[in-house]
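# Notes for the structure review
Letter by letter, the chains look like this.
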Amino acid sequence: MQGGVASSKPCWPISYGSIEAIVCVLDILLIITVSVATGAIYALLHERDVDLARYVSTAILASAVFVLLFRRRCLYDPSSLVNWSLQARNIASLWIVTFLILAGGAFALKVGKDFSRGAVLSFALASPAVLLMHHALWRAVIAAGLRRGRLRGRNSILLCIHESPEAARIAQDHTRDLEFHGFRIDQVFHLSAGISPKDLIDRVVAFARGSEVDEIFVAADLGRWREIPDLIQRLCELPLPLTLLPDENTAPLFTMISRQFGSSVGVEFHRPPLSVAERFAKRLLDILLSAGAIVVLIPMFLIIAIAIKFDSPGGALFKQTRCGFNSRKFRIFKFRTMTDLDDGATIKQAVRGDKRVTRIGTWLRKTSIDELPQLFNVVSGEMSLVGPRPHAAAHDNYFAEQISHYAFRHHMKPGITGWAQIHGYRGETPTVQSMQERVDLDIWYVDNWSITLDIQIFFLTAAEIVRGRNAY
């Protein structure tokens, strides 16, 4: 049995596959334009000569760094361009990283005095604003093109080898996902009771041969894995790309790293701890930033400690047992924000309007300043600036029994902030489901760690503090 042919609609002059290159080039041109414009306007306002060569060369360097970072994260892919929150976060954070790299280079080469601070600041602020508007425009264009079927995609066939009652839904899901990624499904072939697999393959070959089809997709369930090589052997006679779409039970295996052991193949179910070089880079960043922050913040620490002592009885610091890397226990430091100092087998989480929170504690928790003493935990090596947030030992014991992969969080040092926190997962976790969602984000961070990601999280934490989600 086969599905209907897709309806023909007039297409736009650009194809889905060309969008990445177009947006990439336009970003470079926009950064150069903004650099020249801001430099020229600043020079004219201050009656100075306009050095176009300097502004163009600076913009070329900036665009090269930014575009490379953006492409490395596959953020120019059309499926990423339509994700506005993802784009906004990464434009802001990666532009900051770009600017810091350029500033560091200017400092190292001692050329900073050659640039006007006003022009540099204008360029630094205007560029991400222009990039945000540019990507917002492409988000609207891509969404409209996909919705109306106007973007020219690769003509494709979907062969669905499923005998379950869910076969029609599975085919619809695959069709939706493929069309969202720029493939135009011209025909869907289903395996049914009235046709043998061999006859179905013959029909697919007859349809594809001599046609405008660019690619063939084969969706198959786990029960037919042994038959698949023989079933699709004839499809390989066609000079077309052939892609297998595994079912939801086996799909995760294809996203994992494989390793060869002679004639045996191993699949890495979980990433090992960071390598020596990765741990060194992360530790170096932790020491430099945390030690520098402590030196700068010591006067504020003293003022806060005195305010806490005057506000309510008790010490200025709160210490509690937490689990770190490989579940090693350590004592975490925080400014005291409550009248109770629980650290036993049962610990009640703070809730909105909690009567235990002191007057100054309300402000400290809202601004996350109560977490700053953990900089000393970072210097001592028990924590990192960025990582899965450590929970009270009592909560670890409880949720480890409720969530099967909870302990995976301990494959990396806990952090003052983390991937889950910048996504709004702060404060109370009243249900197992809410903790499950937080743990899933923590494990994603462990599996996808990089120095660039740490820097991105570090800057986005400031924005999250301003928003104040779930901070009480």
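This text goes with the structure placed above it.
Attention here is on the structure that accompanies the text. These numbers come from a predicted model, not from an experiment.

### Focus: the overall build of the protein
Along the backbone of the protein there are 15 helices and ten strands. Looking at the protein as a whole, 42% of its 472 residues are labelled buried. In the protein, the share of contacts with a sequence separation of at least 24, taken over all contacts with a separation of at least 6, comes to 74%. Total accessible area computed for the protein in this model is approximately 25000 Å², and 62% of it derives from carbon and sulfur atoms.

### Remarks on the pairing of strand E2 (residues 183-190)
Counting buried residues along E2, seven of its eight residues qualify, which places the element largely inside the surrounding structure. In the sheet, strand E1 (residues 154-161) pairs with E2 via seven bridges, with the strands oriented parallel. Across the sheet, residue Leu158 finds its bridge partner in E2, namely Val188.

### Regarding the nonpolar core
With 28 residues, the main nonpolar core has Leu364, Trp419, Tyr445 and Ile457 as its most contacted residues. Looking at this core, the elements that each hand over two or more residues are helix H10 (276-311), strand E8 (329-335), helix H11 (359-367), helix H12 (374-380), strand E9 (384-386), helix H14 (432-447) and helix H15 (451-467). Examining the composition of this core, we find that four residues originate from one element, H10, more than from any other. Those residues in contact with Tyr445 that sit more than four places away from it in its chain are Lys282, Val386, Gly387, Pro388, Met412, Trp419, Leu453, Asp454 and Ile457.

### A closer look at a nonpolar patch on the surface
The grouping of Phe280, Leu284, Leu288, Leu289 and Phe458 at the surface amounts to a nonpolar patch, some 500 Å² of accessible area in total. Looking at the element boundaries, Leu284 is found in helix H10.

### Details of the packing of aromatic side chains
Applying the stated criterion across every chain, the model contains eleven aromatic pairs. Judged by centre distance (6.4 Å) and plane angle (25°), the rings of Phe399 and Tyr406 are stacked. The same class applies to Phe399 as to Tyr406, namely buried. Consider the rings of Phe458 and Phe459, whose centres lie 5.9 Å apart with planes at 80°: the pair is edge-to-face. Members of the aromatic cluster, joined through ring pairs, are Phe66, Phe70, Tyr76, Trp95 and Phe123. The ring centre of Tyr406 lies 5.4 Å from the NZ or CZ of Arg409, which sits over that ring.

### Remarks on the pairing of strand E6 (residues 264-268)
The two faces of a sheet get side chains in turn, since along a regular strand they alternate between them. The sheet contact formed by strand E5 (residues 257-261) and E6 spans five bridges and is antiparallel. Within E6, the residue paired with Ser258 across the bridge is Val267. The turn joining E5 and E6, which pair antiparallel and follow one another in sequence, is formed by two residues; a positive phi near 65° is taken by Gly262.

### Things to note about the sheet that holds E1
Whenever strands of a sheet pair, they do so through backbone hydrogen bonds, lying parallel or antiparallel. An order of E2-E1-E3-E4 is seen for the four strands of this open sheet, with the pairing classed as parallel. In this open sheet, the two edge strands, each paired with only one partner strand, are E2 and strand E4 (242-246). Going from strand to strand, the sheet's axes swing by 25° on average, the running direction of each strand aside. Strands E1, E2, strand E3 (215-220) and E4 of the sheet are contacted by helix H6 (residues 167-180), whose axis makes an angle of about 165° with E2.

### Description of the pattern of salt bridges
All told, the structure shown has 14 salt bridges when counted by the stated rule. Salt-bridge contacts for Arg71 lead to Glu20; the nearest nitrogen and oxygen are separated by 3.7 Å. Taken together, the positions of Arg71 in helix H2 (residues 52-72) and Glu20 in helix H1 (residues 19-45) put the pair 51 residues apart, joining distant regions of the chain. Taking the relative accessible area as the measure of exposure, Arg71 reaches 47% and is therefore partly exposed.

### Considerations on the environment of Ser404
Along the chain, Ser404 turns up in the loop between helix H13 (393-402) and strand E10 (415-417). Along the chain, Ser404 and Gln436 lie 32 residues apart, while their C-alpha atoms are 9.6 Å from each other.

### Quick look at the packing of H2 against helix H5 (residues 117-148)
Taken N-terminus to C-terminus, the directions of H2 and H5 make an angle of 45°; their axes are 13 Å apart at the nearest point. Taken together, the axes of H2 and H5 lie oblique to each other. Relative to H5, H2 is oriented so that their crossing is right-handed. In this structure, H2 uses Tyr55, Ala59, Ala62, Phe66 and Phe70 to contact H5, whose residues at the interface are Ala119, Phe123, Leu131 and His135.

### Regarding the environment of Asn90
Locating Asn90 in the fold gives a position in helix H4 (residues 84-109). Along the chain, Asn90 and Arg73 lie 17 residues apart, while their C-alpha atoms are 9.3 Å from each other. Every residue in contact with Asn90, bar those within four places of it in the chain, is listed here: Phe70, Arg73, Leu75, Trp95 and Gln456.

### Here's the deal with the side chain of Thr175
Structurally, the position occupied by Thr175 is in helix H6. Apart from the residues within four sequence positions on either side, Thr175 is in contact with Leu158, Ile185 and Val188.

### Observations concerning the packing of H2 against H4
In contact at an axis separation of 9 Å, H2 and H4 are set at 135° when each is read in the N-to-C sense. In terms of orientation, H2 and H4 fall into the oblique class. In this structure, H2 meets H4 at a crossing whose hand is right-handed. Across from Leu61, Ala62, Val65, Phe66, Leu69 and Phe70 in H2, the residues of H4 making contact are Gln87, Asn90, Ile91, Leu94, Trp95, Val97, Thr98, Ile101 and Leu102. Along the lines of polarity and charge, the residues of the contact of H2 with H4 split into twelve nonpolar, three polar and no charged.

### A look at the side chain of His135
By secondary structure assignment, the location of His135 is in helix H5. Among the polar contacts listed, one links the side chain of His135 to the side chain of Gln87, at a separation of 2.6 Å.

### Focus on unusual backbone geometry
With a phi close to 65°, Ser327 is a non-glycine residue in the positive phi region. Locating Ser327 in the fold gives a position in the loop between strand E7 (317-323) and E8. A positive phi angle is found at Ser368, which is not glycine, with a value near 65°. For Ser368, the location among the structural elements is in the loop between H11 and H12. For Ser368, a relative accessible area of 17% corresponds to the buried category.

The rules behind the values
Residues numbered from 1 in each chain as written. Predicted model: local features only at pLDDT ≥ 70, side-chain atom pairs only at ≥ 80, totals over all residues. Heavy atoms only, no water. Helix = DSSP H or I, 4+ residues; strand = E, 2+ residues; numbered from the N terminus. Buried < 20%, exposed > 50% of the residue type's maximum accessible area, 1.4 Å probe, protein only. Contact = heavy atoms within 4.5 Å. Areas by Shrake-Rupley, 256 points an atom, 1.4 Å probe, with all protein chains shown as cover. Pairing = 2+ DSSP bridges. Core = buried A, V, L, I, M, F, W, Y, C linked by side-chain atoms within 4.5 Å. Patch = residues over 30% accessible without salt bridge, like charges linked within 9 Å, V, L, I, M, F, W, Y side chains within 5 Å. Salt bridge = Lys/Arg side-chain N within 4 Å of Asp/Glu carboxyl O. Phe/Tyr/Trp six-rings, centres within 6.5 Å; stacked < 30°, edge-to-face > 60°. Lys NZ or Arg CZ within 6 Å of the ring centre and 35° of its normal. Axes fitted to C-alpha atoms, helices over the stretch in contact; angles between N-to-C directions. Parallel < 35°, antiparallel > 145°, perpendicular 65-115°, else oblique. Left-handed = near helix turned anticlockwise from the far one by under 90°. Nonpolar A, V, L, I, M, F, W, Y, C, P; charged D, E, K, R; others polar. Polar contact = N/O pair within 3.5 Å; in protein donor to acceptor, adjacent residues only side chain to side chain.

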